[in-house]
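# Notes for the structure review
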Amino acid sequence: MNNNETIFALSSGHGKSGVAVIRISGTNLGQVFSKFINKKDFFPRRAYFTNLKDSEHYLIDQVICIYFQAPHSFTGEDIIEIHSHGAPAVIEKIFSYLTELGFRMATPGEFSRRAFYNNKMDLADIDGLAALLDAQTDKQRQNALKSMLGTDSKIYEAWRNQMIEISAYAAAMLDYAEDELPANIGETIRKKTEKLHEEIKASLSRYTAVRAIRSGFNIALIGETNVGKSSLFNAILGANRAIVSDIPGTTRDVVSVQLDIDGYLVNLSDTAGLRETTDTIEKIGIQRTQSEIENANLVLHVIDGTKDANISSAKENEILVVNKSDLASCKKIPNAIYVSAKTGSGIKDLIEVIKEKISTLTKTTESTVAVNARTYSLLQDAAVELNNATNSPKENYDIFSEHVRRAADNIGKILGTITATEVMDATFSQLCLGK
Ligand SMILES: Nc1nc2c(ncn2[C@@H]2O[C@H](COP(=O)(O)OP(=O)(O)OP(=O)(O)O)[C@@H](O)[C@H]2O)c(=O)[nH]1
Ligand SMILES: [Mg+2]
């Protein structure tokens, strides 16, 4: 990819809108800016209202232009922002004018790639940016923002620096006499390595919670047929999405919706009731229910309160919900939530319990790195190397040093300090055009 080319993209959303923002990034864009605003002198970071004209001096649109001078811009290059009216025809016309000027449309993630090469962002920051652009709920926004603003990078950087230092000391032990090195250095670096190993393991254990914040908590309504799962699903949603009937086996496929509960994104699924069946389609539905249970962060196990249930306690990550409590003969099960999908009683309490479960699951994520799918395996590799280092023979410091160095390289890959092309491509391709 030629980095000298001037690129442009629509940075605002597609479709009809009041204002569209088109960004142009390249080197020495001062003259182009001067032409756009028809002024010789101008200041960076100042909004100029102008009649933007094409090469034949026909008016394209009345726009606002801002010039960001390198290196004080998102990409670290010169950037021009054009704020035009948001009509698709205006955007098209500006694009064809920019193409005439010899600029080309950016590929997805190309702006961020340039920001990375110009040391404006590391890969952990870009992961955060990608998550922020996807954020639908407030917690997702907070979590992504933390990564994007470099909080995660600082932790990774500190880990990596310690590993490099440990590895260097271990290597030095081979070349220097004991009295030339700090006292007890062997023991000190082993202890430090163990501590790093513990910290990384703790971060890895939070992966599920971070993933749940980023992609949503999977909550599945399960139970026998006719207990009122679909009715509860509709009651929680406040809308009639799933079909309800008194025929057992009504729901045959998984019906899912996304909800915002207390700022957390929740994927709520209604499933086919569990029972022995010979019906081929219902069997497939029941298989799907099983895989929903496996993927669920939380299961709402629904029981019909009018029937004798032989369940007395909830499993881990399960809430027992006794439905049809409006009917008289409800038997008592400890720790279960009593609701009526019909009258709506108890639904609020159920939502409160769901909120509590989510907040317990996410509590541990507050102050550490947001491990995502890309960083997960790199952190795992680093943990394995550190473990190998601490288990290496006491006197064999060259092997120890090599394992810790490799762990440092894995952390380097998270930040992009050490990059493989595939890692970079995967990271940037998460982003949309104009970022
Ligand atoms: N009285 C009363 N009836 C209910 C309540 N919830 C559901 N029902 C009735 O129970 C029957 C079954 O409800 P569904 O919501 O379809 O049950 P389901 O668990 O989804 O059933 P399947 O999809 O067949 O597994 C319907 O006739 C509902 O009207 C409730 O809280 N009280
Ligand atoms: Mg149903």
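Residues numbered from 1 in each chain as written. Chains lettered and ligands numbered in written order. Predicted model: local features only at pLDDT ≥ 70, side-chain atom pairs only at ≥ 80, totals over all residues. Heavy atoms only, no water.

## Description of the pairing of strand β5 (residues 78-85)
- Buried residues dominate β5, accounting for six of its eight residues.
- As judged from the five bridges shared by strand β4 (residues 59-68) and β5, these two strands associate in the antiparallel manner. Looking at the pairing, I64 lines up with H83 of β5. (Buried < 20%, exposed > 50% of the residue type's maximum accessible area, 1.4 Å probe, protein only. Helix = DSSP H or I, 4+ residues; strand = E, 2+ residues; numbered from the N terminus. Pairing = 2+ DSSP bridges.)

## Notes on the coordination of the magnesium ion (ligand 2)
- Bound to the magnesium ion (ligand 2) on the protein side are S230 (OG) and T251 (OG1), at distances that span 2.0 to 2.1 Å. Taken together, the residues span a long stretch of sequence, with S230 in helix α9 (residues 229-237) and T251 in the loop between α9 and β8 (255-261) at a distance of 21 residues.
- Take S230: its relative accessible area is 8%, and that puts it in the buried class.
- Given a relative accessible area of 12%, T251 falls into the buried group. (Donors = N, O, S within 2.8 Å, 3.2 Å for Na, K, Ca; no water.)

## With respect to empty space enclosed by the protein
- For the structure on display, the rule yields one cavity of 30 Å³ or more.
- Split into classes, the residues belonging to the lining of the largest cavity amount to three nonpolar, three polar and three charged. (1 Å grid on protein atoms, 1.4 Å probe; cavity = no way out; pocket = protein on both sides within 12 Å on 5 of 7 lines; lining within 4 Å. Points joined across faces, edges and corners; volume = space filled by probe spheres on them. Nonpolar A, V, L, I, M, F, W, Y, C, P; charged D, E, K, R; others polar.)

## Observations regarding the nonpolar core
- Among the nonpolar cores identified, the biggest contains 30 residues, and Y156, W159, M163, I200, L379, F400 and I411 are the most heavily contacted of them.
- If you list the elements that add at least two residues to this core, you get α6 (151-175), α7 (185-204), α12 (373-390) and α13 (397-415).
- Sorting elements by how many residues they give to this core places α13 first, with eight residues.
- Discounting chain neighbours no more than four positions away, the residues touching W159 are L196, E199, I200, S203, V369, L379 and I411.
- By size, the runner-up hydrophobic cluster in this structure holds 29 residues, among which are A212, V227, V255 and L298. (Core = buried A, V, L, I, M, F, W, Y, C linked by side-chain atoms within 4.5 Å. Contact = heavy atoms within 4.5 Å.)

## Considering the site of ligand 1
- In the neighbourhood of ligand 1, 23 residues make up the surrounding shell, with K229, S231, G249, T251 and D326 lying closest.
- Contact between ligand 1 and V227: an oxygen atom at 3.2 Å from a main-chain N or O atom of the residue.
- S230 places a polar side-chain atom, nitrogen or oxygen, 2.9 Å from an oxygen atom of ligand 1.
- Take the shell around ligand 1: its biggest share by element is three residues, from α9.
- Looking at the shell around ligand 1 residue by residue, the class counts come to six nonpolar, 12 polar and five charged. (Near = heavy atom within 4 Å. Polar contact = N/O pair within 3.5 Å; in protein donor to acceptor, adjacent residues only side chain to side chain.)

## Examining the packing of aromatic side chains
- Under the defined criterion, the tally for this structure stands at 11 aromatic pairs.
- A ring pair is formed by F42 and Y67, whose centres lie 5.4 Å apart and whose planes are at 90 degrees; its orientation type is edge-to-face. Remark: Y67 occurs in strand β4 and F42 occurs in the loop between α1 (30-37) and β3 (48-53); sequence separation between them is 25 residues.
- Counting every residue linked through ring pairs, the aromatic cluster contains F33, F42, Y48 and Y67.
- Sitting over the ring of F74, R23 keeps its end group 5.0 Å from the ring centre.
- Here R23 stacks its cationic end above the ring of F111, 5.5 Å away from the centre of that ring. (Phe/Tyr/Trp six-rings, centres within 6.5 Å; stacked < 30°, edge-to-face > 60°. Lys NZ or Arg CZ within 6 Å of the ring centre and 35° of its normal.)

## So, the environment of K53
- With respect to the element layout, K53 can be found in strand β3.
- Sequence spacing of K53 and K35 is 18 residues, and the spatial spacing of their C-alpha atoms is 9.3 Å.
- In contact with K53, other than residues within four places in its own chain, are Y58, L59, I60 and Y97.

## A closer look at the pairing of β3
- Alternating positions in β3 separate cleanly, Y48, T50 and L52 being buried on one face and F49, N51 and K53 remaining unburied on the opposite face.
- Where β3 lies against β4, six bridges are found, and the strand directions are antiparallel. Note on β4: the bridge partner recorded for N51 is Q62.
- The turn linking β3 back onto β4 is made up of five residues, and H57 within it adopts a positive phi angle of 65 degrees.

## So, α7
- In a regular helix each residue adds 1.5 Å, so 20 residues correspond to 28 Å; α7 covers 29 Å between its end C-alpha atoms and thus fits that length.
- Every buried residue of α7 is listed here: I185, G186, I189, R190, T193, L196, H197, I200, S203 and L204. For α7, the angular spread of the buried residues around the axis is 140 degrees, confining them to a single face. Exposed side chains of α7 directed beyond 90 degrees from the buried face belong to K191 and K195.
- Check the buried side of α7 and you find it contacts α6, α8 (207-215), α12 and α13. (Expected span 1.5 Å × (residues − 1). Arc of directions from axis to C-beta.)

## A look at the pattern of salt bridges
- For the structure on display, the rule yields 23 salt bridges.
- One salt bridge in this structure joins K192 and E165, with 3.7 Å as the shortest N-O distance. Taken together, the residues K192 in helix α7 and E165 in helix α6 connect sequence positions 27 residues apart.
- Accessibility expressed as a relative area gives 36% for K192, which makes it partly exposed. (Salt bridge = Lys/Arg side-chain N within 4 Å of Asp/Glu carboxyl O.)

## Remarks on the domain arrangement of the protein
- As assigned here, the protein comprises domain 1 (7-106), domain 2 (126-206 + 369-429) and domain 3 (214-363).
- Between the C-alpha centres of domain 1 and domain 3 the distance comes to 52 Å. (Domains from an automatic or database assignment.)

## As for the sheet that holds strand β6 (residues 104-105)
- Spatially, β3-β4-β5-β2-β1-β6 is the arrangement adopted by the six strands of the open sheet, whose pairing is mixed. The outermost strands of the open sheet, each flanked by one partner alone, are β3 and β6.
- Relative to strand β2 (residues 19-26), strand β1 (residues 7-10) runs antiparallel, the two sharing four bridges. Within β2, the position partnered with F8 by the bridge is I24.

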